[in-house]
Every structure is written in structure tokens, then in C-alpha cells.
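Per-entry structural report
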Amino acid sequence: MASKKSRRRKNSGKKRSKSRSKRAKRGRFWIRRLALLAVVTLIGYAVYLDITVRKKFEGSRWAIPAHVYSRPLELYVGLKLTKPQLVQELKLLGYRNSKNASTPGSYTVTGKGVRIYVRSFDFWDGPSQAQLVDVGIKGNVVNGLSGIDRTPVGDLRLEPHLYGSISPGHHEDRSLVRLEDVPEPLINALLAIEDRNFFNHVGIDPRGLLRATLANISAGSVVQGGSTLTQQLVKNFYLSHERTLQRKLTEMMMAVLLEVHYDKDEILETYINEVYLGQSGNKAIHGFGLASFYYFGRPLNELKPAESALLVALVKGASYYNPFRSPDRAKQRRDLVLTKMAELGYLDDAVATAAKQAPLGVTRQGKWSKSDYPGYLDFVRLQLRRDYQEEDLRTEGLHIFTTLDPLIQRTLERSVSHRLATLEKSRKMKAGSLQAAALVVRTDNGEVVALVGDRRARFIGFNRALEAERQIGSLIKPAVYLAAIERGYSLASLVDDGPLVVEQQGAATWRPQNYDKKNHGSVRVLDALSYSYNIATIRLGLEVGVDKVANLLQRLGLSREIKPYPSLLLGAVNMTPVEMAQMYLGFASGGFRMPLRTTRSVLTQDMQPLARYPLSLEQAVSGEPISVLNFALQSVVRKGTAKGLNQRFPAELELAGKTGTTDRYRDSWFAGYAGNYLAVVWVGRDDNASTGLTGASGAMRIWSDVMAELPLQPVDLPIPEGVEFVEVDQYGLLARGCPGATLLPFVKGTIPQQKSPCAGGGTRASVSTPTKNWIEKLFDTSNK
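Residues numbered from 1 in each chain as written. Predicted model: local features only at pLDDT ≥ 70, side-chain atom pairs only at ≥ 80, totals over all residues. Heavy atoms only, no water.

Overview of the overall build of the protein chain
What counts here: A helix here means a DSSP run of H or I that spans at least four residues, while a strand means a run of E at least two residues long, and both kinds are numbered starting from the N terminus. Summary of the burial criterion: residues with accessible area below 20% of their type's maximum are buried, those above 50% are exposed, and those between are partly exposed, where the area comes from a 1.4 Å probe applied to protein chains only. Any two residues whose heavy atoms approach within 4.5 Å at even a single point are treated as in contact. Here the Shrake-Rupley method, with its probe set to 1.4 Å, supplies the accessible areas, and only the displayed protein chains count as covering residues.
Looking only at helices and strands, the protein chain has 23 helices and 30 strands in total. Expressed as a percentage of the 784 residues in the protein chain, the buried residues total 52%. Summarising the internal contacts of the protein chain: among those between residues at least 6 apart in sequence, 69% fall at separations of at least 24. When the accessible surface of the protein chain is totalled, it reaches about 36,800 Å², and 51% of it is carbon and sulfur.

Take a look at the structure:
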């Protein structure tokens, strides 16, 4: 019985042992399968990460904004330029005032002018080399350009000012640099503080991680990071900033994969262009290339060791170490970078000590705002959209060279701001109630050199120069008179300025009045325009045909539909300041239609020419009528509604222009030009309330402030052969040699045939009865 029980226990034990063995085998089987699955999953994940790494790294790594440049200042003998103006331009470009001007990007003022070490630059028509040049200036004119050995230098261009960008939707901005263009002190600073073993590890650095951990424990705070530059690049380039173990492991795997596929120089160059280094408004400053301009206003290759160290200091936390908001904190971090550089032998101890004593040296607010000139940039974008998709402007890294003149732009901004404040104060208006828009254009090629769309120069929003459609008032009158001159009228032709009633089908009867509420009888065309008589203008326009005036406006370059209502003759049509500049450019250029242009050239990201925007012009009005109209617009300044300019400008400039005032003084306009510049100014209120300002008392004052600062040339349009000057009296009769006679230009075939009595036309008794009655009527009705 016992043996049976023993055998049963033994058999039962064997069964249990076999069961355990089977379970163990099954466990090992599943463990192997799970391990295999984990390995396969890990391999698959690694393959996925590998594809991700290579796809982005080998493709278009960034959406690069289009960078927008001003015109380059061209220096040549005979250029009107003062020393302060040249120095202002150099400061704008970030040149340093140095005793000897010994390095590119430096200058010094001498007794005879300014010595400049001009930077190299890749222009649209080819690169220019850095060179040291003495610019002689005497009597506010450049009188010499010579090299260091006093050999004459031909025309010289300073590099253009980088003043804005057209950014991607995520508002990242960067200026790409090549590794070979990055100064060695900056690379050494980066390696010293962030990754001293960069050229030895494979993407992760266990020794560096251990060293950082020990240093942080010793300091009692985080003073070193354990991530390599490659890991930092992976985090910034591919991953989010969440702090999880999974994200950290992924970062390490991708860092190793990145090192497997790409060499150290390529990884380092990408890091230098990717790293976040600051914030300017809604734009994130990425990469050391743009950060150098933002913080110091100069390119990387001109930075001193202390400045390079400050940029590297920002890698740890651009907001926390912001030198504008936290200069003490930024200096402490910068000095730590300099200390590490000295410890590793990148800097001599003496150099490091001297660098620590240097101020931070950053610009006052950062040299890379949303845009230095947002109003002007609006116009650039508007014109470029005709040739480029918005996405291309935001992502392809284009280099756009514009016609903006920073010196004139700043003069315009200053004039608008100061004059509006003065007007408000003198007329006891609420501060900030007035608004303005203005632009300055070169008359020889239509280049817009300055534009303001708001009294606040840096305001981004409603751009009144482009978008404010306001009634133009008397600014339209030159077009009315030009249409008349084209159809045989002369400046001596008489037009009735007496009471007028205009019956309009489907509208109320119109009884227009003059500004002074007076009637002036029969007046010469010249005087009607000079004194801006409304009634005479309407009567003349109706005789010529309102449709002819509307057609002329479109010939001069206005593209909007213009309905030929009689009220058009007094400017009861809404237009923008830019449109008015287009119209007056036709007068100032001698009758040519030239599109206003803001862009000279567009280059690709690697500085290859993509598009040029040469001068385009077409004769819209023949020279004879334009020559006569030009004389009349000069008369507006000599004796008419703009005669106040004579107190500020010499007569030999022969300025031409026209004031404009709308009903109830809602809009104040002035458009005028010298031989080389045209400017249009509008002043008004956004709520369309009265300003109490005429064209002369408002807009013309801003115009005067701006133009007084420019190197103006006289208006000197060529006189066509078909134009002849003849003396006439105030009644439009030939008056050669007569007292008070006026010498006026006439298109041949429009010269008066009748003589004034004092010019041998006989006494009144010898004049035919109809002529006698007509002359007597003139004497009786004039000046009423």
C-alpha cells in the first residue's frame, strides 16, 4: 500500500515537473518572440527616424524669407552730399567710427572728407571687393575719390541697407551663412561652452553628460548642459521641446543617425543657421548670421571676441539672457563663455580679461525690426505680387533690391511727424487727430525713393499712401488745362469765371463757387490755373469735354475707371496719393508715362539674377502741350496758390506744383516737383472731418520741409521746336514791348493774332466794333 502511494507521488512529481518545463519553454518562447518584436520595432522605428532625418536634412531645410534692400549709395565726383549725410548713411549700415578705418566696415572723418573701408558685396550686376577709399567733400559736394595710394577711384557703391523681409507664416527669420564665413572666435566660443568634444563624439557624448552632471551638482544649479550640438540641432530641427524620456531617447537616436549620414562641418553649419537667438516683435531671430545684424548691426565677420561670446551666450536662453532687458545677466553669461574659451586655450588670458571689461555693445533696440520702413515695404510687396506668388516671396530666400533711399525716407518720416504735431498745436487741435501720407519719386525714371503711409513711421496696418482713397480736389485741374491745351487753347486764351449753373440729368442743379466766393470775369487760362479758379476750370472742362479729361488721366497712367461727370473737373473723384504721384510724374517727366517702381532687381538665394526691372516709358502726351502746362504749374508757385514756397526756395529752381483742397477742408493736398524729385503729400483725418487746412496751409508745408532737405535741381524740361514764347497782356493780346506784358509759351498755331493797343494795334477807335466792344467789356468786368 505504501509503495503504491510512493509510486503515485513520484508520478505526480514527474507530471508537475513536465508541466513546469512546458510552461518555462512557452515563457522563453514568448520572451524570444517579444524580444524579437521589440528588436524589429526598434529597427523599424530607427528606419523611420533615419528616413525622417535624411528627408528634411537633404531637402529644403528652411522656408527662407525674402530679404529686402535699399538702393546702394553711389558716390561720384560732383554728387551733392554733406559729411553728416555720408556719416549718417555709414551708421545706418553699421560702420564703426575707427581712428584709422583699418578693417572693412569702418570709417573715420578727416579734414577733407571721410575715409571708408568699404565692405565687399554681391550686387545684382556682380561682386565688389572691399577697399579703402578717401571720399573728398568740399562745399557739400563730393570732389574726389581716391585709394590708399591716392590713385583715383571711379564711381563707388556702398552696400545697400538690409531693411526688411517678407517672412513665412511661422514668422521665423534667418540670414544663411556658410561655415567658412563664420569667424573662428565664434566657433571656438560655441564649442567651448556647448560641446567641447563635438569633433570626437558620434552624436551623443557620455563623458560630456557625466561632466555636466558633476559640474551642476558642484555648482548647486544648472551651469552646463549634457546635450551635444548634434542633439540640440535634432531637438530644434525635428522635435518638440517637451521634457519626456521618450523624446530624449528619440533625440539621441536621431543624433547618432545624423552623424552617420553627414559630416561634422555640415552639421555645424546647419546648427549655426538654425539656433534660436532672439525675438523681434513677432519675428523669431534664427541663426548667428541674422543675430549679428540684430544685436550689433554688422555682419559676423566684423565681430570682436566679446561680441561673438555674447551671441553664443544667448544659445542657453535668448529670452533669459536678453541683453536689452537683462544686460547684467547677459554679461555674466558672456563672461563665462570667455572664461571657458581661455581655459581651453581658444583665447589668451589677457585677451579674455580685456574682453570681459568691454561693454555689451549691442544696438539700442536691435537692428532687425519687423521692418524699418513698413509703409514702403507694403508697396514693394504690392508690385512684386504681379510677378511672384506670395509663397515664393515668403519661402525662397529671394534678395530684393529696391529703390528706397534711407536718407530721404527718414527725412520724409521726420517731416510728417514734426509738421503734423506743429499744425495740431498751432490750431489747437487734439494731438494725433491729423493723419498724412506722402511719397517722393525720381522724375527721370519713376523710382519711388521714400513713402509714408501713417504719421507713425513704424506703424504696420492701414497704408494711406496706397489705400486711402480721398477726393483730390484741385489736384486734378492741371489735367483739365492740359486737355484744353491739346485742343488748341493757349495760356492767353480767355475763359469766363462768371456765375455758372450746370444742369445735370438725374441730379440736382450744380452752382459751383470759387474758393474766395468771388467771380473774376474773363481771365486768362494761365491765371485761372495759377489762382485755382473753380468756375473758370469747370467752364473750360465742359467746353473741352469731360470725357477728354477722363481719357487723359488714363493716358497718364491711372488704371481705375473714371466716370466723366462734371464734378470730376473739380476733383470730386477718390484717388490715392500713389495715383496722384503717377499722374504728376507724367507732367514732371515731360509727358512720359512711366510706371512708379520700387524694385530694381531680384536675385535668388545664392545671388543669381532672377529678374531685372529696367526703366519703362511711353510718350503719353506730346512735348508741346506738356511744355506749356509745365510753365503754368511754375506760375502756380511764382504767383499763385503755392507762392508761399518762394520764401524758402530760390527762384532759379523754377519749382512747379499744385495745391488741392476739398469741400469743408476735409483734404489738404500738394503735388510738386523740382528737376529731379517729385513729391505728393496728403493731410486729413481718418473720420473725414474738417481739418481747417487748405493745400497751402497743410500738405504744402510738409512738402516744403522734405524738399528743402534734398539736393534739388532746377526744373529744366526741354522746349520743343513747336513751342514759341510771345509777349501778351492780361487780356491775351499780343503786347510786345508793352509795360506789364507777360512772356508766355505757345504751341505754334495758337499764338494770338490781335495786338494790344500799346503794341501797335492802333487806338481803340481804329479797332473793329466787335473787337472794341469785347475789349471794353474786359475792362468793365475784370476784378469784379
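Some points on the pattern of salt bridges
The condition that has to hold: In what follows, salt bridge is the name for a side-chain nitrogen of Lys or Arg lying within 4 Å of a carboxyl oxygen of Asp or Glu.
Scanning all chains against the criterion turns up 39 salt bridges. For the salt bridge of Glu159 with Arg119, the shortest nitrogen-to-oxygen distance reads 2.7 Å. One end of the pair, Glu159, is in the loop between β10 (156-157) and β11 (162-166); the other, Arg119, is in the loop between β5 (113-118) and β6 (121-123), and 40 residues separate them in sequence. As far as burial versus exposure is concerned, Glu159 and Arg119 are alike and both buried.

Examining the sheet that holds strand β13 (residues 276-280)
Put simply, the rule reads: Paired strands, in this sense, are two strands between which DSSP finds at least two bridges. Orientation is described by lines fitted to C-alpha atoms, with helices fitted over the stretch in contact, and by angles between N-to-C directions that extend from 0 to 180 degrees.
The strand order β12-β14-β13 describes an open sheet built from 3 strands, whose pairing is mixed. The sheet is open, and its two edges are formed by β12 (172-174) and β13, each paired on a single side. Along the sheet, successive strands turn relative to each other by an average axial angle of 30°, direction set aside. The sheet contact formed by β12 and strand β14 (residues 283-286) spans 3 bridges and is parallel.

A short note on the packing of aromatic side chains
Just so we agree on the cut-off: Ring pairs shown here join Phe, Tyr and Trp side chains whose ring centres sit within 6.5 Å, with only the six-membered ring taken for Trp; geometry is labelled stacked below 30 degrees between planes, edge-to-face above 60, and tilted in between. Only when the NZ atom of a Lys or the CZ atom of an Arg is both within 6 Å of the ring centre and within 35 degrees of the ring normal do we say a charge sits over the ring.
One pass over the full model with this rule turns up 19 aromatic pairs. Members of the aromatic cluster, each reached through a chain of ring pairs, are Tyr69, Phe121, Phe123, Trp124 and Phe401. Over the ring of Phe459 we find Arg456; its NZ or CZ atom is 4.1 Å from the centre of that ring. One cation-aromatic arrangement involves Arg638 over Phe631; the distance from NZ or CZ to the ring centre is 4.6 Å.

Quick notes on the sheet that holds strand β23 (residues 599-603)
Across the sheet, which stays open at both edges, the 5 strands sit in the order β11-β1-β15-β23-β24 with mixed pairing between neighbours. Where the open sheet ends on each side, the last strands, each with one partner, are β11 and β24 (609-612). Mean inter-strand twist for the sheet, computed between neighbouring axes without regard to direction, equals 20°. In this sheet, strand β15 (residues 399-402) lies alongside strand β1 (residues 66-69) in parallel orientation, the contact comprising 3 bridges. By the bridge assignment for β15, Tyr69 is matched with Phe401.

A word on empty space enclosed by the protein
Spelled out, the test is: Put plainly, a pocket is an open set of points on a 1 Å grid over the protein atoms alone with protein on both sides within 12 Å along at least five of seven lines, a cavity is a set where a 1.4 Å probe fits but cannot get out, and a lining residue has an atom within 4 Å of a point. Grid points are joined across faces, edges and corners, and a volume is the space filled by probe spheres set on the points. Any residue that is not Ala, Val, Leu, Ile, Met, Phe, Trp, Tyr, Cys, Pro, Asp, Glu, Lys or Arg is counted as polar, Gly included; the first ten are nonpolar and the last four charged.
Evaluation of the coordinates by the stated rule reveals 3 cavities of 30 Å³ or more. As a volume, the second largest cavity reaches approximately 110 Å³. Around the second largest cavity, the lining is made up of 18 residues, and of these Pro374, Gly375, Gly453, Ala457 and Phe459 lie nearest the centre. Going through the elements one at a time, α12 (374-384), α14 (406-426) and β17 (448-452) are the ones with two or more residues in the lining of the second largest cavity. Of all the elements, α12 adds the most residues to the lining of the second largest cavity, at 4 residues. Of the residues in the lining of the second largest cavity, the class split is 9 nonpolar, 5 polar and 4 charged.

Observations regarding the packing of helix α10 (residues 327-343) against helix α11 (residues 349-357)
Keep this limit in mind: Should an angle lie under 35 degrees it is considered roughly parallel, over 145 roughly antiparallel, and from 65 to 115 roughly perpendicular; all remaining angles are considered oblique.
The interhelical angle for the contact between α10 and α11, taken along N-to-C directions, is 175°, at an axis separation of 9 Å. Classified by the angle between their axes, α10 and α11 sit roughly antiparallel to one another. Where α10 approaches α11, its residues Lys331, Arg334, Asp335, Leu338, Thr339 and Ala342 are matched on the opposing element by Asp349, Ala352, Ala355 and Lys356. Here the residues of the contact of α10 with α11 sort into 4 nonpolar, 1 polar and 5 charged.

Some remarks on the state of the cysteines
Test applied: The rule for a disulfide is simple: a pair of cysteine sulfur atoms within 2.5 Å.
Summed over all chains, the structure comprises 1 disulfide. At a sulfur-sulfur separation of 1.8 Å, the disulfide partner of Cys738 is Cys758. Here Cys738 and Cys758 share a disulfide; its torsion about the S-S bond, 130°, makes the bridge right-handed. One end of the pair, Cys738, is in the loop between β29 (723-728) and β30 (742-747); the other, Cys758, is in the loop between β30 and α23 (769-781), and 20 residues separate them in sequence.

Focus: unusual backbone geometry
A positive phi is found at Lys428, a non-glycine position, where the angle reads about 55°. Among the structural elements, Lys428 can be located in the loop between α14 and β16 (435-442). Not every positive phi belongs to a glycine, and Met607 is a case in point at roughly 65°. Turning to its location among the elements, Met607 is positioned in the loop between β23 and β24.

So, helix α7 (residues 264-274)
Rules: N or O atoms within 3.5 Å of each other form a polar contact, as long as, within protein, one can give a hydrogen and the other can take it, and as long as residues adjacent in sequence are counted only when both atoms are side-chain atoms.
Among the 11 residues of α7, 8 are classified as buried, and the element is accordingly described as predominantly covered. Taken residue by residue, α7 has Lys264, Ile267, Leu268, Thr270, Tyr271, Ile272, Asn273 and Glu274 as its buried positions. Between the side-chain oxygen at the start of α7 and the backbone nitrogen of Asp265 there is a gap of 3.2 Å, and the oxygen is on Asp263.

As for the side chain of Glu307
Topologically, Glu307 is positioned in helix α9 (residues 305-313). Judged by its relative accessible area of 10%, Glu307 falls in the buried class. In this structure the side chain of Glu307 is engaged in a polar contact, spanning 2.7 Å, whose partner is the side chain of Arg298. The contact partners of Glu307, leaving out residues within four places of it in the chain, are Phe296, Arg298 and Glu302.

Looking at the layout of surface pockets
Roughly 1,500 Å³ of internal volume is contained in the largest pocket. In terms of lining residues, the largest pocket is bounded by 46 residues, among which Ser175, Leu176, Val177, Asp181 and Pro299 are the most central. Elements that contribute at least two residues to the lining of the largest pocket include exactly β1, β6, β7 (126-128), α7 and α8 (288-296). Ranked by residue count, the leading element in the lining of the largest pocket is α7, at 3 residues.

Observations concerning the nonpolar core
Operational definition: Joining through side-chain atoms within 4.5 Å is the link that ties buried Ala, Val, Leu, Ile, Met, Phe, Trp, Tyr and Cys residues into a set, and such a set is a nonpolar core. In this document the domain limits rely on a domain assignment from an automatic tool or a database.
By size, the foremost hydrophobic cluster in this structure holds 132 residues, and its most contacted members are Ile400, Val440 and Phe587. A domain split of this core shows at least three residues from each of domain 2 (66-164) and domain 4 (473-570 + 721-784). If near-sequence neighbours (up to four positions away) are discounted, Ile400 is found in contact with Ala66, His67, Val68, Tyr69, Ile166, Val380, Leu384, Leu393, Thr599, Ser601 and Val602. With 56 residues, the next largest nonpolar core counts Ala192, Met254, Leu290 and Leu360 among its residues.

What about the pairing of strand β9 (residues 141-147)?
Burial analysis of β9 places 5 of its 7 residues in the buried class, the great majority of the element. Sheet topology note: the strand β8 (residues 131-138)/β9 ladder contains 6 bridges and is antiparallel. By the bridge assignment for β9, Gly136 is matched with Gly144. Hairpin geometry of β8 and β9 is characterised by an intervening segment of 2 residues between the two adjacent antiparallel strands and by a positive phi of about 60° at Gly139.

Some remarks on the environment of Met254
With respect to the helices and strands, Met254 occurs in helix α6 (residues 245-261). Using a relative accessible area of 2% as the deciding quantity, one classes Met254 as buried. For the pair formed by Met254 and Gln231, sequence separation is 23 residues and the distance between their alpha carbons is 7.9 Å.

Remarks on the packing of helix α3 (residues 184-194) against α10
For the pair α3 and α10, interaxial distance at closest approach is 9 Å and the crossing angle is 95°. Taken together, the axes of α3 and α10 are roughly perpendicular relative to one another. Only Arg333, Leu336, Val337, Lys340 and Met341 of α10 make contact with α3, whose side of the interface consists of Pro185, Asn188, Ala189, Ala192, Ile193 and Glu194. Residue classes in the contact of α3 with α10 are distributed as 7 nonpolar, 1 polar and 3 charged.

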